[in-house]
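For reference, the chains in residue letters:
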Amino acid sequence: MDLLNTLVDKGLRRELPSREEALAVLATSDDELLDVVAAAGKVRRQWFGRRVKLNYLVNLKSGLCPEDCSYCSQRLGSKAEILKYTWLKPDEASKAAAAGVAGGAKRVCLVASGRGPTDKDVDRVAKTIDAIKSENEDVEVCACLGLLDEGQAERLRGAGADAYNHNLNTSEATYGDITTTHTYADRVETVKKAHAAGLSACSGLIAGMGESDGDLVDVVYGLRELDPDSVPVNFLIPFEGTPLAKEWNLTPQRCLRILAMVRFVCPDVEVRIAGGREVHLRSMQPLALHIANSIFLGDYLTSEGQAGKADLDMIADAGFEVEGAEQVTLPEHRAGGGCGSTCAPSSETGSEAAAEAGADEARTDLVTVRRRGAGTDLAPNA
């Protein structure tokens, strides 16, 4: 396909595809799917070889969030029967993190529900970072604590945090339909604060919330403009008891197209397959490794993931290798904080591609609430 040849060429040059080209990826047919994966794979291998970075989530505080994000099982008013607990102690969080590191994780992601941290919360997380790094000196630590106030990003950086995650989630045009207690602009501002403080910015999206192809392209273009080092691609987990419980809009093929579009728009960043991969990609997960270069190991915040050993077997069977602690994830040109002005400008046209038909059936049997690991007496599955 001329489209895919063009996208590969642009990806190898770090040139931004046009909006029309990005939409065309989402509109490709099932007959073209393997060609799309192969093309995205060429770009992935150019910048990341056959390495897969493993990340491990530690949910420091689960549930009881005052925000009303419709996709979230921890939201205000959620009836999802998830684990609910207040802050883990630093030694508890360090023990949980150690399980992920032992399983091969290079980065530990410390997440806490809530609108944003108080200064006392930042102190608490700083002690947790110190506890983790005193046991695992080489591990990367990413904090995900919500909206940041002035000076908090700098304090986290000073405490030893390497990165900060705050996802845009969906397009600016539809953000108000998903969340009303904060804005898209609030999220953008937090990512900018993290970047300015010298933290590696991590920001991504959630697909499958009823958005259009145009919305997906818009949020990925918004991410490209923010220039994060990591872009997690989440696929909605439709928890019973949340407003989006009936949103089963994804097929494995659709998920692969979305990942490919993200790779073409953000060719040289760490594209991470995040929450929902087991639910929506299912047996197609190994194909996704040809596009993305990063995954979460084991369980998620409030849902169970694939067993850690199964993840490692999948990576090996697909012909990839786990990225070691001594290896640098990002290409050399991003070491200074992103491609910035060296990236070529967009040739965006603004035309719309046809929406993809078909949706997945509701597979509620695949959504398993987490009952092990952090906040429980049971061992994690890393």
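Not measured: the values here are computed from a predicted model.

A word on the overall build of the protein chain
1) Next: Helices and strands together make up the secondary structure of the protein chain, namely 13 helices and 10 strands.
2) Next: Taken over C-alpha atoms, the radius of gyration comes to 19 Å for the protein chain, in line with the 21 Å a tight globule of 382 residues would show.
3) Next: With the C-alpha coordinates of the protein chain rotated into their principal frame, the extents come out at 55 × 45 × 40 Å.
4) Next: Counting only residues that meet the buried cut, the protein chain has 60% of its 382 residues in that class.

So, helix H10 (residues 252-265)
1) Next: Relative to the 20 Å expected for 14 residues at 1.5 Å per residue, H10 spans 20 Å between its end C-alpha atoms, a close match to the ideal helical length.
2) Next: H10 sits mainly inside the fold: 13 of its 14 residues count as buried.

What to know about the confidence of the model for the protein chain
Interpreting fine coordinate detail is not advised for predicted regions of low pLDDT.
1) Next: For the protein chain, per-residue confidence averages 92 on the pLDDT scale, and residues scoring 70 or more make up 93% of the total.
2) Next: Counted against residues more than four places away or in other chains, residues 337-358, with its pLDDT under 50, gives 48 contacts.

A short note on the pairing of strand S3 (residues 140-144)
1) Next: The element S3 is largely enclosed, with a buried count of 5 among its 5 residues.
2) Next: Inspection of the sheet shows strand S2 (residues 107-112) paired to S3 by 5 bridges, in the parallel sense. Following the sheet pairing, valine 111 is matched in S3 by cysteine 144.
3) Next: A crossover links S2 with its parallel partner S3, the connecting element being helix H5 (residues 119-135), and its sense is right-handed.

Some words on the packing of aromatic side chains
1) Next: Counted by the stated rule, this structure contains 2 aromatic pairs.
2) Next: Here tyrosine 175 and tyrosine 184 contribute two aromatic rings whose centre-to-centre distance is 6.2 Å and whose plane-to-plane angle is 70°, an arrangement assigned as edge-to-face.
3) Next: Under the relative-accessibility criterion, tyrosine 175 is labelled buried at 2%.
4) Next: In this arrangement the basic side chain of arginine 50 is found over the ring face of phenylalanine 320, its NZ or CZ atom lying 4.4 Å from the centre.

Observations concerning the pairing of strand S1 (residues 51-61)
1) Next: Within S1, 11 of the 11 residues are buried, which leaves it mostly tucked inside the rest of the structure.
2) Next: In this structure, S1 lies alongside strand S10 (residues 321-322), joined through 2 bridges in parallel fashion. Bridge pairing links arginine 51 to glutamate 321 in S10.
3) Next: Assessed by its sense of winding, the connection that carries the chain from S1 through helix H4 (residues 90-102) to S2 is right-handed.

Examining the state of the cysteines
1) Next: Per the stated rule, a full pass over the model turns up 0 disulfides.
2) Next: No disulfide involves cysteine 65; its nearest neighbouring cysteine sulfur is the one of cysteine 72, lying 6.4 Å away.
3) Next: The class for cysteine 65 is buried, based on a relative accessible area of 11%.
4) Next: With no disulfide of its own, cysteine 69 lies 6.3 Å from the sulfur of cysteine 72, the closest cysteine sulfur.

Some words on the environment of isoleucine 206
1) Next: Mapping isoleucine 206 onto the fold places it in strand S6 (residues 205-207).
2) Next: Using a relative accessible area of 9% as the deciding quantity, one classes isoleucine 206 as buried.
3) Next: In this structure isoleucine 206 touches Tyr71, Asn169, Glu211, Asn234 and Leu236, once residues within four positions along its chain are discounted.

The rules behind these values
Residues numbered from 1 in each chain as written. Predicted model: local features only at pLDDT ≥ 70, side-chain atom pairs only at ≥ 80, totals over all residues. Heavy atoms only, no water. Helix = DSSP H or I, 4+ residues; strand = E, 2+ residues; numbered from the N terminus. Rg over C-alpha atoms; globule rule 2.2 N^0.38 Å. Buried < 20%, exposed > 50% of the residue type's maximum accessible area, 1.4 Å probe, protein only. Expected span 1.5 Å × (residues − 1). pLDDT = per-residue confidence, 0-100. Contact = heavy atoms within 4.5 Å. Pairing = 2+ DSSP bridges. Right-handed = clockwise from strand over helix to strand, strands pointing away. Phe/Tyr/Trp six-rings, centres within 6.5 Å; stacked < 30°, edge-to-face > 60°. Lys NZ or Arg CZ within 6 Å of the ring centre and 35° of its normal. Disulfide = S-S within 2.5 Å.

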